[in-house]
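Single-letter residue listing:
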Amino acid sequence: MVVTRFAPSPNGHLHLGHAFSAIVAHDLAQARGGQFLLRVEDIDGVRSRPELATEFRADLAWLGLEWEEVAPQSARLDSYEAAAGQLRGTGLLYRCVCTRAEIAAAATETGPDGPIYPGTCRGRRVDLDEPAAWRLDMAEATALAGPLEWLDELAGPQRATPGVFGDVVLMRKDAPASYHLAATLDDAADGVTLVSRGIDLFAASHVHRLLQALLGLPVPTWRHHPLLVEADGRKLAKRRGSPGLAELRLAGGDGCTLAQTLREGRFPAGLRLSDGLQPRP
Ligand SMILES: [Zn+2]
């Protein structure tokens with residue numbers, strides 16, 4: 001059975017781009033007789049606002065969507081720690097105490113997430129009392145995993161190239177786990193078979209495929225859809241006048257009609273879908 005999910009973070013209101021993404025995932029599951037899940041990605045304790053998760057449910061119901069909600073990330077911290085422990089046991093993780101500014105100053109290359117970590121702490125002894133992130137030794141990890149492939153329903157077969165990220169953080173200094181580790185584990189735990197999400201996360205799937213191999217997790221199929229963007233190609237943002245779903249809902253708008261117009265590609269004035277797919281590696 002096909003299982004898709006929508007996994008918003010409760011640190012801001014949902015906007016039309018989120019609505020589009022949720023509708024795509026919902027409709028894929030519905031068309032294939034599958035299941036559509038809602039997962040609240042509230043791992044970012046400081047920035048997470050629980051009342052927004054309540055708002056998200058009201059927004060999705062207003063759009064006419066039906067879903068099954070699975071456990072939020074805040075209830076899954078043990079699974080992140082267990083997976084990190086498994087990887088530490090294989091010697092693939094190391095502690096990193098560098099600040100963002102230090103990394104930016106030392107980096108010579110840029111990857112999909114910004115400056116590539118130059119490996120400053122690899123092989124360095126870090127005091128256990130010092131707050132540290134855990135990074136994946138990418139060269140060791142890719143050598144251990146061997147060549148990997150994954151399938152995007154829109155872009156076709158992909159050869160995994162997680163090395164473009166460098167030594168990614170799996171356990172953050174300021175939060176229990178990084179997006180890469182948490183999302184990969186959650187999708188496996190939730191039985192997600194089709195990861196439907198925005199094209200901006202295409203490159204992240206290289207890392208997720210590697211983590212699946214290292215942790216012995218099932219491998220889903222992916223489907224990275226174009227994003228709903230401003231006419232000039234920029235992402236939607238409230239500060240540029242893109243309304244929140246809650247705002248539209250509370251103003252008395254008709255959510256089911258809105259959902260139907262998004263499905264049919266009749267976007268509000270000034271909005272369009274982002275151009276094409278990323279080239280194959
Ligand atoms: Zn470091």
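Reference entry: report on the structure contained in this document. All figures in this text were calculated on a predicted structure; none of them were measured in a lab. (Residues numbered from 1 in each chain as written. Predicted model: local features only at pLDDT ≥ 70, side-chain atom pairs only at ≥ 80, totals over all residues. Heavy atoms only, no water.)

Let's talk about the coordination of the zinc ion
In the first shell of the zinc ion, the protein supplies Cys96 (SG), Cys98 (SG), Tyr117 (OH) and Cys121 (SG), at 2.0 to 2.3 Å from the metal. Mapped onto the sequence, the residues coordinating the zinc ion show the spacing C-x1-C-x18-Y-x3-C. Placement of Cys98 in the loop between strand S4 (93-96) and helix H4 (100-106) and of Tyr117 in the loop between strand S6 (114-115) and strand S7 (133-136) is noted, with a sequence separation of 19 residues between them. Taken as a pair, Cys98 and Tyr117 share a single burial class, namely buried. (Donors = N, O, S within 2.8 Å, 3.2 Å for Na, K, Ca; no water. Helix = DSSP H or I, 4+ residues; strand = E, 2+ residues; numbered from the N terminus. Buried < 20%, exposed > 50% of the residue type's maximum accessible area, 1.4 Å probe, protein only.)

With respect to the nonpolar core
Soluble globular proteins tend to pack their nonpolar side chains together in the buried interior. Core analysis: the biggest nonpolar cluster contains 40 residues, and Leu87, Leu136, Leu170 and Leu181 have the highest contact counts within it. Those elements that provide at least two residues to this core are helix H3 (77-89), S7, helix H5 (138-145), strand S10 (169-171), helix H6 (179-189) and helix H7 (204-215). No other element matches the five residues that H7 contributes to this core. Leu181 has contacts with Tyr80, Ala83, Leu170, Met171, Leu211 and Leu215, leaving out every residue within four places of it along the chain. Counting residues in each nonpolar core, the second largest holds 28 residues, with Ala25, Phe36, Leu228 and Leu271 among its members. (Core = buried A, V, L, I, M, F, W, Y, C linked by side-chain atoms within 4.5 Å. Contact = heavy atoms within 4.5 Å.)

Thoughts on helix H2 (residues 50-62)
Taking 1.5 Å of rise per residue, the 13 residues of H2 would be expected to cover 18 Å, and the 19 Å separating its terminal C-alpha atoms lies within 8% of that figure. Among all positions in H2, only Leu52, Ala53, Glu55, Phe56, Asp59, Leu60 and Trp62 are buried. Contacts from the buried residues of H2 go to strand S1 (3-6), helix H1 (16-31), strand S2 (35-38), helix H8 (245-250) and helix H9 (255-263). Positioned one or two residues after H2, Gly64 has a phi angle of 85 degrees, which is positive. (Expected span 1.5 Å × (residues − 1).)

Structural notes on the sheet that holds S7
Reading across from one edge, S4-S7-S10 is the order of the three strands in this open sheet, with antiparallel pairing throughout. The open sheet has two edge strands with one neighbour each: S4 and S10. Within the sheet, the average angular offset between the axes of one strand and its neighbour, ignoring direction, is 45 degrees. In the sheet, S4 pairs with S7 via four bridges, with the strands oriented antiparallel. Along S7, the bridge assignment pairs Arg95 with Trp134. (Pairing = 2+ DSSP bridges. Axes fitted to C-alpha atoms, helices over the stretch in contact; angles between N-to-C directions.)

Let's talk about the pairing of strand S11 (residues 194-198)
Most of S11 is tucked away, with five of its five residues classed as buried. Two elements, S11 and strand S12 (residues 221-225), share five bridges in a ladder whose sense is parallel. Counterpart to Arg197 in the pairing with S12 is His224.

Comments concerning the packing of aromatic side chains
With the rule as written, the count across this model stands at three aromatic pairs. Centre to centre, the rings of Phe20 and Phe267 are 5.9 Å apart; their planes meet at 85 degrees, and the pair counts as edge-to-face. Taken as a pair, Phe20 in helix H1 and Phe267 in the loop between H9 and strand S14 (271-273) lie far apart in primary sequence, 247 residues in all. Arranged with centres 5.1 Å apart and planes meeting at 55 degrees, the rings of Trp150 and Phe202 form a pair that is tilted. You can see Trp150 sitting in strand S8 (residues 149-152) and its partner Phe202 sitting in the loop between S11 and H7, a full 52 residues away along the chain. In terms of burial, Trp150 and Phe202 fall into one category: buried. Three or more aromatic residues joined by ring pairs form one cluster here, namely Trp150, Phe202 and Trp222. Positioned above the aromatic ring of Trp134, the side-chain terminus of Arg88 is 4.5 Å from the ring centre. Taking NZ or CZ as reference, Arg135 lies 3.7 Å from the ring centre of Tyr117, over its face. (Phe/Tyr/Trp six-rings, centres within 6.5 Å; stacked < 30°, edge-to-face > 60°. Lys NZ or Arg CZ within 6 Å of the ring centre and 35° of its normal.)

Looking at the sheet that holds S2
Sheet strands associate in pairs through backbone hydrogen bonding, adopting either a parallel or an antiparallel arrangement. Strand order across the open sheet formed by three strands is S1-S2-S3, with parallel pairing between neighbours. Bordering the open sheet on either side are S1 and strand S3 (68-69), each of which pairs with just one other strand. With two bridges connecting them, S2 and S3 associate as parallel partners. Paired with Leu38 across the strands is Glu69, a residue of S3. Those strands touched by H1 are S1 and S2, and its axis lies near 165 degrees from that of S1.

A look at H3
A rise of 1.5 Å per residue sets the reference length of H3, with its 13 residues, at 18 Å; its end C-alpha atoms lie 18 Å apart and thus fit the reference within 8%. Looking only at H3, the buried set comprises Tyr80, Ala83, Ala84 and Leu87. Taken around the axis of H3, the buried residues stretch over an arc of 100 degrees, which confines them to a single face. Exposed residues on H3 whose side chains face more than 90 degrees from its buried face are Asp78 and Gly89. (Arc of directions from axis to C-beta.)

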